[in-house]
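# A closer look at the structure
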Amino acid sequence: MADQAETKKVSLRNAWGNVFAFFILLLIGVLAFSIRLFSVIKYESVIHEFDPYFNYRVTQFLTKNGIYDFWNWFDDRTWYPLGRVIGGTVYPGLTLTAGSIWWLLNSLNIPLSVETVCVFTAPIFSANAAWATYLLTKEVKGVGAGLTAAALLGMVPSYISRSVAGSYDNEAVAIFALIFTFYLYIKTLNTGSLFYATLNALAYFYMVCSWGGYTFIINLIPMHVLLCIVTGRYSSRLYIAYAPLVVLGTLLAALVPVVGFNAVMTSEHFASFLVFIIIHVVAFVHYIRGILTPKMFRVAMTLVLSIGMAVCCAVVAILVALVASSPTKGWSGRSLSLLDPTYASKYIPIIASVSEHQPPTWPSYFMDINVLAFLVPAGIIACFLPLSDASSFVVLYIVTSVYFSGVMVRLMLVLAPAACIMSGIALSEAFDVFTRSVKFQLPTLLGNPLPDAGDAISEQAGLAKAEKSSSEKAEDNPKERPSKKNRKKEKEIVEKVPLKTRIEKRLLVLPLETSFIAILLLIIMGSFYVIHCVWAAAEAYSAPSIVLTSQSHDGLHVFDDFREAYAWLRHNTEVDDKVASWWDYGYQTTAMANRTVIVDNNTWNNTHIATVGTAMSSPEKAAWEIFNSLDVKYVLVVFGGLVGYPSDDINKFLWMVRIGGGVFPHIKEPDYLRDGQYRIDSEATPTMLNSLMYKLSYYRFVETDGKAFDRVRRTEIGKKYFKLTYFEEVFTTHHWMVRLYKLKPPKNRPKGKTKKSKSTSRSSSTASGKRSQSKRNPWH
């Protein structure tokens, strides 16, 4: 009767614990959502950054025209005169997700606009990501670690930076898909269920639809499978967790137009196929070992190894032949940049020019994951006590993500969930040790040394530990589901364990004062983490790039120059006019000004971008000829010298030179440098002072303060007084941050000259180009 009462008490406590955990998860979801709303509160409901404007424009098209028109949409307002097939060149997961949410809300008579849905998609999925982190960590180390990891992820600044309200980018849903795919893989590994294996393939398909970072999944999971095989941890559950993922996942990934046959033809996917072959060989060996005698098994093993080696050699030979035919050995440029950090700077300057592709500095780790950086090593140690298939996976996850985040600052986003999982495990284990120490010694301290009370507490703790150890034993030695007879034996063993467990736990008890101080320090550290996360969400990552602010002694200043310039373009230019700018501003110009651009942030055509970079690097006349040949009518330049905005075109100018020089050899970077230094003052080179970018940025700049002092470069410019011959200024925003210039029409041929010169022939050709401009754009 006493045992039944104790079992009932434990069951009731577990039920209340589950209810309590549910409400904690609900609060974590609310926290993850609300901490990302500072941008809406401080500014307004607006799309951030550059790429999100393209995603917003595509979502508008999807909701207005339907999914079939979306798959076949040819966008003639980008990459003029080439255009772009949108359906076959985008990862549609984000767009389809937001479009489905908008359709569902409108079906329920909740008339939200497409823009509102896009703004709040990222905060919604950040709550989903926190819940997925709970599920994943729970499979590894239990409920306490799962709740802690979920709370940490809901606030971690690295994830906030890509998921604030208005940050409508692929990572908004991709991080949830990444974590959920890992959870389903671990769940399948722990249960051996084909149901979870199928869900895992579907989650992987959603990840493929959402982000190109899906290659991280299809390489990390094979690495873990291979690690389990090498360390002798192969089981039927490992086979069930991996084989359906490769088969179904690859077939589903090939259905995504932007991936297509790359799912089986590129080197990023070959590791999964190689491990797929290896696991089948290992499974076959385990099968024949069970049905053959040891002598026959050795003979069969020799035969299997011979055939297997032959098949592997043939497959490797085919892969080598396929890879050798590609100049990049079957790898994409971004993948090669991860494997070789110097590759992009040497061969693909357009990748190296993006700030988020640069290696992070050490302060970036403290900014983006804060105290988690110090808790991760403790979490790794806890995963080895004991080491299971699930814990070995998260250790492999943190190790690989640390490497990739060290190569590219953008991949701090992949590190953040792993750091939260490890830190959650470390904090949970630490609190468990310290609170247990207090619990064992507190009754004695209060002068109530009742033996029954201490024994009951220790027995309850022993029962919990025994249940945990038995479940871990089932994970480590997975065979088949236990029969009723086996369950009865296990129950008898569990009933005998508490005495031993009580002794072990008493040996792990720390001094009471030490435990209290340690708990206090952990609470203080958690408080500092919360304060830092709230500050990062409110100040560092909430400001949209489209609206800038500056704090000074006389208050807050708002710089809305970008929307001011795009509004001017939309209302003062013709619908078919073409606008040239550096590729950073292409998405915004198309989405907000509704004008055709020459290049944009997709960066798929390096030659086209190099042409624009060459024009910006050339003298005024040569630049006019290049732009005129592209049917450009307006040129947009971003300039921050007056207000101190550092991300302007002058600071990006050397990348224009490098990218342009990579295609057109007459553009040479040393011509723009003085003794290896980039200068715009009186020591600047003549090539620099005569370039179009310099002239369009600093035209009339001396009129602002009489000195032409550049607040970003902190120097007076070298050439202050000059006139424009082939361009005319049509609009400059209030703070001079965006400047718009119009190409002057070509001059007529001089009268009285019968001899046809090169200049007049060019004038006639440009005049004919002008006449053709009056016609309707053939791309519409």
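Everything numeric here is computed off the predicted structure, so don't read it as measured data.

## Concerning the overall build of the chain
Per the secondary structure count, the chain includes 35 helices and 13 strands. Taken across its 780 residues, the chain has 48% of its residues classed as buried. Taking as baseline every contact in the chain between residues at least 6 positions apart, the subset at least 24 positions apart corresponds to 72%. On the chain, roughly 37700 Å² of surface is accessible, and the fraction owed to carbon and sulfur atoms is 63%.

## Concerning the environment of L724
When you line up the elements, L724 lands in the loop between strand 11 (715–716) and strand 12 (727–732). According to the relative accessible area criterion, L724 is buried, its value standing at 10%. Note: C-alpha distance between L724 and L692 (32 residues apart in sequence) is 9.6 Å.

## Brief notes about the nonpolar core
The biggest cluster of nonpolar side chains holds 182 residues, and the ones touching the most others in it are F182, F562, F627, V635 and F727. Excluding residues that lie within four positions of it along the chain, F627 makes contacts with A580, A615, M616, V632, V635, L692, F727 and L743. Ranked by size, the runner-up nonpolar core spans nine residues in total, among them F61, F70, W73 and I86.

## Let's talk about the sheet that holds strand 6 (residues 596–597)
Read across the open sheet, the five strands follow the order 6-5-7-13-12; overall the sheet is mixed. Of all strands in the sheet, those with a lone pairing partner are strand 6 and strand 12, marking the two edges. The pairing of strand 7 (residues 634–638) with strand 13 (residues 738–743) spans five bridges and is classified as antiparallel. By the bridge assignment for strand 13, V637 is matched with R739. Helix 27 (residues 561–572) rests against strand 5 (578–580), strand 7, strand 12 and strand 13 of the sheet, and its axis sits at about 25° to strand 13.

## Examining the pattern of salt bridges
This model, assessed by the stated rule, comprises 22 salt bridges. Taking the shortest distance from any N to any O, the salt bridge between D169 and R162 comes out at 3.4 Å. Judged on exposure class, the residue D169 and its partner R162 are both buried. One salt bridge connects E620 with K695, and the closest N-O pair in it is separated by 3.8 Å. Placement of the pair is E620 in helix 30 (residues 620–629) and K695 in helix 33 (residues 692–698), with a sequence separation of 75 residues. The exposure class of E620 is buried, given its relative accessible area of 6%.

## What about helix 9 (residues 171–191)?
An ideal rise of 1.5 Å per residue puts 30 Å on 21 residues; helix 9 measures up with 30 Å between its terminal C-alpha atoms. In terms of burial, helix 9 is largely enclosed, as 19 of its 21 residues are buried. Just downstream of helix 9, G192 is the residue with a positive phi angle, here 70°.

## A word on the confidence of the model for the chain
Mean pLDDT over the chain: 83, with 83% of residues reaching 70 or higher. A low-confidence stretch, residues 450–468 stays under pLDDT 50, and its non-local contacts, those more than four residues away or across chains, total 23 contacts. Residue range residues 470–497 is modelled with pLDDT below 50. Its contacts to residues more than four positions away, or to other chains, number 16 contacts.

## Topic: the pairing of strand 7
Of all five residues in strand 7, five are buried; the element is thus mostly enclosed. Every second residue of strand 7 is oriented toward a common face, with Y634, L636 and V638 on one face and V635 and V637 on the other, all of them buried. Where strand 5 and strand 7 come together, two bridges link them in parallel fashion. Following the sheet pairing, V579 is matched in strand 7 by Y634.

## Re the packing of helix 9 against helix 10 (residues 194–210)
Contact geometry of helix 9 with helix 10 gives a least axis separation of 8 Å together with a crossing angle of 160°. One way to sum up the angle between helix 9 and helix 10 is to call them roughly antiparallel. Considering the relative orientation of helix 9 and helix 10, their crossing is left-handed. Here V173, A174, F176, A177, L178, F180, T181, L184, Y185, K187, T188 and T191 of helix 9 come into contact with helix 10, specifically with Y196, A197, L199, N200, A203, Y204, Y206, M207 and S210. Its residues placed into classes, the contact of helix 9 with helix 10 shows 15 nonpolar, five polar and one charged.

## Here's the deal with the packing of aromatic side chains
A complete count under the given rule lists 34 aromatic pairs for this structure. Summarising the aromatic geometry, the rings of F180 and Y183 are spaced 5.8 Å apart at their centres and angled 35° between planes, so their arrangement reads as tilted. On the criterion of helical spacing, the pair formed by F180 and Y183 is a turn pair, its members being three residues apart in helix 9. Considering the side-chain rings of F639 and Y698, the 5.2 Å spacing of their centres and the 80° angle between planes classify their relative orientation as edge-to-face. One end of the pair, F639, is in the loop between strand 7 and helix 31 (653–663); the other, Y698, is in helix 33, and 59 residues separate them in sequence. For the residue pair F639 and Y698, the accessibility class agrees, reading buried in each case. One aromatic cluster is present, formed by F639, Y694, Y698, Y699, F701, F722, W736 and Y741 through successive ring pairs. One residue, K578, lies across the ring of Y80, its end atom 4.7 Å from the ring centre. One cation-aromatic arrangement involves R658 over W655; the distance from NZ or CZ to the ring centre is 4.6 Å.

## Some details on the packing of helix 19 (residues 362–369) against helix 26 (residues 512–540)
At a closest axis distance of 9 Å, the pairing of helix 19 and helix 26 adopts a crossing angle of 100°. When the interaxial angle is binned, helix 19 and helix 26 end up roughly perpendicular. Of helix 26, the residues touching helix 19 (which contributes F366, M367 and I369) are Y529, H532, W535, A536 and A540. Tallied by class, the residues present in the contact of helix 19 with helix 26 amount to seven nonpolar, one polar and no charged.

## Here's the deal with unusual backbone geometry
For the peptide bond that leads from Y80 to P81, omega is 0°, which places it in the cis range. By secondary structure assignment, the location of P81 is in the loop between strand 1 (74–75) and strand 2 (84–85). P386 follows L385 through a cis peptide bond whose omega is -10°. Counting through the fold element by element, P386 comes out in the loop between helix 20 (372–383) and helix 21 (389–407). Despite not being glycine, N594 has its phi angle at roughly 60°, a positive value. Its location among the elements puts N594 in the loop between helix 28 (586–593) and strand 6. Its relative accessible area of 29% is what places N594 among the partly exposed residues. Phi angles above zero are rare outside glycine, and W736 is one such case at about 65°. Mapped onto the elements, W736 comes out in the loop between strand 12 and strand 13. Take W736: its relative accessible area is 12%, and that puts it in the buried class.

Thresholds, definitions, all that
Think of each chain on its own: its residues are numbered from 1, step by step along the sequence as written. A pLDDT threshold of at least 70 governs which residues receive local features in this predicted model, and a stricter bar of 80 or more applies before side-chain atom pairs are shown or counted, although totals over entire chains, interfaces and linings include all residues. Remark: hydrogens and water are excluded; side-chain values derive from all non-hydrogen atoms of the structure. Secondary structure elements follow DSSP: runs of H or I of four or more residues count as helices, runs of E of two or more count as strands, with numbering from the N terminus. Partly exposed describes any residue whose relative accessible area lies between the buried limit of under 20% and the exposed limit of over 50%, with all areas from a 1.4 Å probe on protein chains only and scaled to the type maximum. We call two residues contacting when some pair of their heavy atoms lies within 4.5 Å. Note on areas: Shrake-Rupley, 1.4 Å probe, and residue coverage restricted to the protein chains presented here. Buried Ala, Val, Leu, Ile, Met, Phe, Trp, Tyr and Cys residues that are joined via side-chain atoms within 4.5 Å together make up what is termed a nonpolar core. Pairing between strands is defined by DSSP: at least two bridges between them are needed. Simply put, an axis is a line fit to the C-alpha atoms, just over the touching stretch for a helix, and the angle between two N-to-C directions goes from 0 to 180 degrees. Here, a salt bridge means any Lys or Arg side-chain nitrogen found within 4 Å of an Asp or Glu carboxyl oxygen. A helix is expected to reach a length of 1.5 Å times the quantity of its residues less one. What pLDDT reports is the predictor's confidence in each residue, on a scale of 0 through 100. Roughly parallel refers to an angle under 35 degrees, roughly antiparallel to one over 145, roughly perpendicular to one between 65 and 115, and oblique to any angle outside these ranges. Handedness of each helix crossing follows the sense of rotation of the near helix against the far helix: counterclockwise by less than a right angle gives left-handed, clockwise gives right-handed. Gly falls in the polar group here, along with every residue not listed as nonpolar (Ala, Val, Leu, Ile, Met, Phe, Trp, Tyr, Cys, Pro) or charged (Asp, Glu, Lys, Arg). Pairing of aromatic side chains here covers Phe, Tyr and the six-membered ring of Trp, requires ring centres within 6.5 Å, and sorts the geometry by plane angle: under 30 degrees stacked, over 60 edge-to-face, intermediate tilted. Either the NZ atom of lysine or the CZ atom of arginine qualifies as a charge over a ring when it sits within 6 Å of the ring centre and within 35 degrees of the ring normal.

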